[in-house]
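The primary structure of each chain is shown beneath.
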Amino acid sequence: MPLRLDASRPDFEPQFTALLGGKREASVEVGDVVAGIISQVRERGDAALVELTNRFDKAGVTPATLRFTADEIEAASAQVSAQVMGALQTAHDRIRAHHEKQKPVDHLYEDALGVTLGTRWTAVDAVGIYVPGGLASYPSSVLMNAVPAVVAGVERIAMVVPTPNGEYSPSILAAARIAGVSEIYRVGGAQAVAALAYGTASIARVDKIVGPGNAYVAAAKRQVFGQVGIDMIAGPSEVLVIADGSANPAWVAADLIAQAEHGGGAQSILVTTETALADAVAAEVDRQLSLLPKQALAREGWEEFGAIIRVASLDQAIDLANRIASEHVELAVDDPQSLVARIRHAGAIFLGHHTPEAIGDYVGGSNHVLPTARSARFASGLGVLDFMKRTSILGCSPASLAALAGPAITLAGVEALHGHGRSISIRLNR
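Note that the coordinates shown come from a computational prediction; the quantities given were computed from them, not determined experimentally. (Residues numbered from 1 in each chain as written. Predicted model: local features only at pLDDT ≥ 70, side-chain atom pairs only at ≥ 80, totals over all residues. Heavy atoms only, no water.)

### Description of the sheet that holds strand S5 (residues 156-160)
Move 1: If you trace the 5 strands from one edge of the open sheet to the other, you get S6-S5-S4-S7-S8, paired in parallel fashion. Edge positions in the sheet fall to strand S6 (183-185) and strand S8 (229-230), since each of these pairs with one other strand and no more.
Move 2: With 3 bridges joining them, S5 and S6 adopt parallel strand pairing. For alanine 158, the partnering residue across the bridge sits in S6 and is glutamate 183.
Move 3: Against the sheet, helix H8 (residues 189-198) makes contact with strand S4 (126-130), S5 and strand S7 (208-210), and its axis sits at roughly 175° relative to S4, the strand it touches most. (Pairing = 2+ DSSP bridges. Helix = DSSP H or I, 4+ residues; strand = E, 2+ residues; numbered from the N terminus. Contact = heavy atoms within 4.5 Å. Axes fitted to C-alpha atoms, helices over the stretch in contact; angles between N-to-C directions.)

### Points about helix H7 (residues 170-179)
Move 1: Counting buried residues along H7, 8 of its 10 residues qualify, which places the element largely inside the surrounding structure.
Move 2: The set of residues buried in H7 consists of Ser171, Ile172, Leu173, Ala174, Ala175, Ala176, Ile178 and Ala179.
Move 3: Residues of H7 that are buried in the fold lie against helix H4 (70-79), helix H5 (82-100), helix H6 (139-152), S5 and S6.
Move 4: Directly after H7, the chain includes glycine 180, whose backbone phi takes a positive value near 95°. (Buried < 20%, exposed > 50% of the residue type's maximum accessible area, 1.4 Å probe, protein only.)

### Some thoughts on the environment of aspartate 106
Move 1: Mapping aspartate 106 onto the fold places it in the loop between H5 and strand S2 (107-110).
Move 2: For the pair aspartate 106 and alanine 253, spaced 147 residues apart in sequence, the C-alpha to C-alpha distance is 46 Å.
Move 3: Residues contacting aspartate 106, with those up to four places away along its chain left out, are Thr119, Arg120 and Trp121.
Move 4: A polar side-chain atom of aspartate 106 sits 2.8 Å from the main-chain amide nitrogen of tryptophan 121. (Polar contact = N/O pair within 3.5 Å; in protein donor to acceptor, adjacent residues only side chain to side chain.)

### Focus: helix H12 (residues 295-305)
Move 1: Ala298, Gly301, Trp302 and Phe305 are the residues of H12 that are buried. Along the axis of H12, the buried positions cluster into a sector of 105°, meaning they face one direction only.
Move 2: Of the surrounding secondary structure, the elements contacted by the buried residues of H12 are helix H10 (249-260), strand S10 (267-272), helix H11 (275-289) and strand S11 (307-310). (Arc of directions from axis to C-beta.)

### Some details on the packing of helix H3 (residues 46-57) against H8
Move 1: In the contact formed by H3 and H8, the axes pass within 9 Å of each other and the chain directions differ by 160°. Classified by the interaxial angle, the pair formed by H3 and H8 is roughly antiparallel. In terms of crossing hand, the pair formed by H3 and H8 is left-handed. Facing H3, whose interface residues are Leu49, Leu52, Thr53 and Phe56, H8 presents Gln191, Ala192 and Ala195.
Move 2: Grouping the constituent residues of the contact of H3 with H8 by class yields 5 nonpolar, 2 polar and no charged. (Parallel < 35°, antiparallel > 145°, perpendicular 65-115°, else oblique. Left-handed = near helix turned anticlockwise from the far one by under 90°. Nonpolar A, V, L, I, M, F, W, Y, C, P; charged D, E, K, R; others polar.)

Encoded structure:
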């Protein structure tokens, strides 16, 4: 059964703290194995990449077949129905339109002393995108990772996707084609991350790696960080629904189930001011679970990690939301705008009764790659800026250098970096 908490009870605080600290994913010690895989790829390149891919995925690849050909991408796209292609195009267009608005603007100005200051934005040269593979089909993940990179101006995007037993979903390649990604490889796991980070004869190295994966992929991303940049280490997905008496219990229940069916420790939490709504949602979740074609995963997630919390007011609900710092926060209230500005910690906020989180997963336009495990306290979802770098610009005239030299030389002396001070003072000599 999901956890039921009441904020008015004296034992609420320790129970809520335990909920926040609960571990929702199995601890898999793979660090040493991953380090060995990375070492092999670094030392033996394609030979290790092919050997490991065939051992783990039974993919039957050779160096010559690691990369999907243009004809294969076209043929895969042709297998996708017109309806799915249309949906992918709609999603792509909306994601692109939204992310275009995130592009930063260079600026350059001269301050009162005559010092030139500014910022210039440039794209990362090459990005690697990891996409879960096999018959599991997550083309939306392709779009969410690739489109912001394209908008940022990344010149080269290399995508890796495992093909266990040689199988893959054509919709994955179709989504890549729509996004403009044509460099796609039949590799996955830690070996794919190593190849992207260090390069092989077949796969040139990249500068940043993004995209979700299993424990081996996550460990590999941790270990290559520094050699390349990474987006984040994603944990189990989560949703927090804040609801008052205006909420429809069937709709709220459907949203909780939608998150729970991700499995892997996914968590669904309802915070509500209404006891009657809490009871109705609990009953509705149980009813709707029985209607799912594949209910076992969602039922397990709801019963093991789900929670319903009753609070005295929406003010209290907002306070708890900021402590939970959920990946997704739904405001199932009549006036969500009155609450949204007060939620400081959330990966994404969904406004009102007609904005289910699932619309953001696919076609809303905002990105669904979001911080999890309370990391929304300090992290943001994937966006255009993740594929760009900021370069500072500074320029002094003789007069402005003279005006700033004194304080700078003083600070150089405080830090006992006398060469720093001399590099300034030498320019003051006439």
